[in-house]
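What follows is the residue order along each chain.
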Amino acid sequence: DQQVKQNSPSLSVQEGRISILNCDYTNSMFDYFLWYKKYPAEGPTFLISISSIKDKNEDGRFTVFLNKSAKHLSLHIVPSQPGDSAVYFCAAMSGAGSYQLTFGKGTKLSVIP
Amino acid sequence: DTGVSQDPRHKITKRGQNVTFRCDPISEHNRLYWYRQTLGQGPEFLTYFQNEAQLEKSRLLSDRFSAERPKGSFSTLEIQRTEQGDSAMYLCASSSLNQPQHFGDGTRLSIL
């Protein structure tokens, strides 16, 4: 039973264009969401997060959108750069006394120069 | 901020042997987490410490697994009588209150 789903295993985008990575969740108790970026042979690196009381959070080229009614979030990267090529993981946390993160399977983003 | 440090980076062992991994969190972080990641999957939660207290354990953490954080600083994860299915990347993360978890580069375990 996968509570966090990233249905696109891979995505290719031209440099300078927008990258949109999607994530769906099923657990209504999730109230905090994070995106991590992972390069080969390295651990995941925190990118951006959003609380369920917001519907948008922006940090430079990265924006995360949350649609609670649809249980859907997305990460927008604009403009995309070759250095953004990595695996992106969506993660969720329930604030009800638990600190564990539940991760999706990841989406491999390739930004083509 | 020297980041989360994990040792060793790679471990190869024979089935049935015991292995122990170490994690040194970011120094000011009082929360420490262990995750396991297999090929094609996202990290899966194993256990969580606040200071020296182990407050959460996943059902993935079988009797063969034990984790400690004796002085509230570094942590160890031991796997006894390793099995083929234990082959994975073991990730450690740390955080302070209400801050995102920061991950180390992991220990890759291979069971022969």
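Residues numbered from 1 in each chain as written. Chains lettered and ligands numbered in written order. Predicted model: local features only at pLDDT ≥ 70, side-chain atom pairs only at ≥ 80, totals over all residues. Heavy atoms only, no water.

**Things to note about the sheet that holds strand β7 (residues 65-68) of chain B**
The strands making up a sheet associate through hydrogen bonds between their backbones, and the pairing can be parallel or antiparallel. Residues and elements named next belong to chain B. The following threshold applies: At least two DSSP bridges between two strands are needed for those strands to be called paired. Working definition: helices are DSSP H or I runs of at least four residues, strands are E runs of at least two. Numbering for both runs from the N terminus. For helices, the axis comes from a line fit to the C-alpha atoms of the stretch in contact; other axes are also lines fit to C-alpha atoms, and the angle between any two N-to-C directions lies between 0 and 180 degrees.
Pairing in this open sheet of 4 strands is antiparallel, and the strands run β1-β3-β8-β7 from one edge to the other. Each having just a single partner strand, β1 (5-7) and β7 make up the two edges of the open sheet. Strand-to-strand twist across the sheet, computed as the mean angle between neighbouring axes with direction ignored, equals 15°. Across 5 bridges, strand β3 (residues 19-24) lies against strand β8 (residues 75-79) in antiparallel orientation. The residue bridging Cys 23 from the neighbouring strand is Ser 75, located in β8.

**Some words on the pairing of strand β6 (residues 53-57) of chain B**
Residue and element names in this part refer to chain B. For strand β5 (residues 44-50) and β6, the ladder comprises 4 bridges, and the chain directions are antiparallel. Counted as the bridge partner of Thr 47 is Lys 57 from β6. Hairpin connection, β5 to β6: the antiparallel pair is bridged by 2 residues, and Asn 51 has positive phi, about 55°.

**As for the side chain of Arg36(B)**
Residue and element names in this part refer to chain B. Spelled out, the test is: Accessibility here uses a 1.4 Å probe with only protein chains present; expressed as a share of the type maximum, an area under 20% marks a residue as buried, one over 50% as exposed, and anything in between as partly exposed. Residues counted as positive are Lys and Arg, residues counted as negative are Asp and Glu, and His and the chain ends are not counted. We define a salt bridge as a contact between a side-chain nitrogen of Lys or Arg and a carboxyl oxygen of Asp or Glu at a distance within 4 Å. Contacts: residue pairs with any heavy atoms within 4.5 Å of one another.
Examined against the element boundaries, Arg 36 turns out to sit in strand β4 (residues 31-37). Buried and without a salt bridge, Arg 36 has Glu 44 as its closest oppositely charged side chain, separated by 4.5 Å. Once residues lying within four places of it in the same chain are set aside, the contact partners of Arg 36 are Gly 42, Pro 43, Glu 44, Leu 46, Leu 60, Phe 65, Ala 88, Met 89 and Tyr 90.

**Here's the deal with the nonpolar core**
Which entries qualify depends on this criterion: For our purposes a nonpolar core is just a set of buried Ala, Val, Leu, Ile, Met, Phe, Trp, Tyr and Cys residues, chained together by side-chain atoms within 4.5 Å.
Phe33(A), Trp35(A), Leu73(A), Leu75(A) and Tyr88(A) are the most contacted members of the largest nonpolar core, which totals 23 residues. Those elements that place two or more of their residues in this core are β3 (19-25), β4 (30-38), β5 (45-51), β7 (62-67), β8 (72-77), β9 (86-94) and β11 (107-112) of chain A. Here this core gets 4 residues from one element, more than from any other, and that element is β9(A). What Tyr88(A) contacts, discounting residues up to four positions off in sequence, is Gln6(A), Leu21(A), Trp35(A), Tyr36(A), Lys37(A), Leu47(A), Leu75(A), Ile77(A), Gly106(A), Thr107(A) and Leu109(A). Leu46(B), Phe49(B), Leu61(B) and Ala67(B) belong to the second-largest nonpolar core, a separate cluster that totals 19 residues.

**Focus on the state of the cysteines**
So the rule is basically this: Any cysteine sulfur atom paired with another within 2.5 Å is treated as part of a disulfide.
Under the criterion given, the structure shown has 2 disulfides over all chains. For Cys23(A), the disulfide goes to Cys90(A), at an S-S distance of 2.1 Å. Here Cys23(A) and Cys90(A) share a disulfide; its torsion about the S-S bond, -75°, makes the bridge left-handed. Linking Cys23(A) in strand β3 with Cys90(A) in strand β9, this pair joins segments that are 67 residues apart in sequence. Of the two residues examined, Cys23(A) and Cys90(A), each falls in the buried class. Note on cysteine connectivity: Cys23(B) is disulfide-linked to Cys92(B), with sulfurs 1.9 Å apart. Residues Cys23(B) and Cys92(B) are joined through a disulfide that is left-handed, its torsion about the S-S bond being -70°.

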